[in-house]
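# Observations on the model geometry
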Amino acid sequence: MTDEPTLTERECAVLGVERRSWAGPGAKERAIREQLGMSPVRYYQLLNALLDDPRALAHDPVTVNRLRRVRDARRSRR
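Attention here is on the structure that accompanies the text. (Residues numbered from 1 in each chain as written. Predicted model: local features only at pLDDT ≥ 70, side-chain atom pairs only at ≥ 80, totals over all residues. Heavy atoms only, no water.)

### Overview of helix H1 (residues 9-19)
Keep this limit in mind: Only protein chains enter the area calculation, which uses a 1.4 Å probe; residues under 20% of their type maximum are buried, those over 50% are exposed, and those in between are partly exposed. A helix here means a DSSP run of H or I that spans at least four residues, while a strand means a run of E at least two residues long, and both kinds are numbered starting from the N terminus. Only heavy atoms matter for contacts: two residues are in contact if any of them lie within 4.5 Å across the pair.
All of the buried residues along H1 are Glu 11, Val 14, Leu 15, Gly 16, Val 17 and Glu 18. Taken together, the buried residues of H1 touch helix H2 (27-36), helix H3 (40-51), helix H4 (54-59) and helix H5 (61-77).

### As for the pattern of salt bridges
Once their charged atoms are close, side chains differing in charge can pair, the charge on each being opposite to the other. To be explicit about the condition: For this analysis, a salt bridge means a side-chain nitrogen from Lys or Arg found within 4 Å of a carboxyl oxygen belonging to Asp or Glu.
Within the structure shown, the criterion is met by five salt bridges. With its nearest N and O atoms 3.2 Å apart, the salt bridge here joins Arg 55 to Glu 11. Taken together, the residues span a long stretch of sequence, with Arg 55 in helix H4 and Glu 11 in helix H1 at a distance of 44 residues. Residue classification places Arg 55 among the partly exposed residues on the basis of a relative accessible area of 24%. By relative accessible area, which is 19% here, Glu 11 ends up buried. Here Asp 52 ties to Arg 71 by a salt bridge, and the two come within 2.8 Å at their closest N and O atoms. Taken together, the residues span a long stretch of sequence, with Asp 52 in the loop between H3 and H4 and Arg 71 in helix H5 at a distance of 19 residues. Take Arg 71: its relative accessible area is 13%, and that puts it in the buried class.

Right, dumping it as structure tokens:
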């Protein structure tokens with residue numbers, strides 16, 4: 001067993017939502033409300049914080065790195 005802190009269930013669920021692909025408009029936001037019980041605004045706040053969390057990178061490096069690239073591209077367009 002490791003002494004390193006791990007992600008909470010909620011944090012893992014947020015990353016899980018990001019791993020999925022979404023068919024139509026509104027499907028992701030509906031899933032965020034129904035599955036996680038939070039508003040999309042709060043979800044994106046948590047997600048953005050997770051992208052800078054080394055625990056999230058260790059837990060799901062592919063998803064975190066993909067989302068970091070998307071975030072960085074958006075920032076550079078501003």
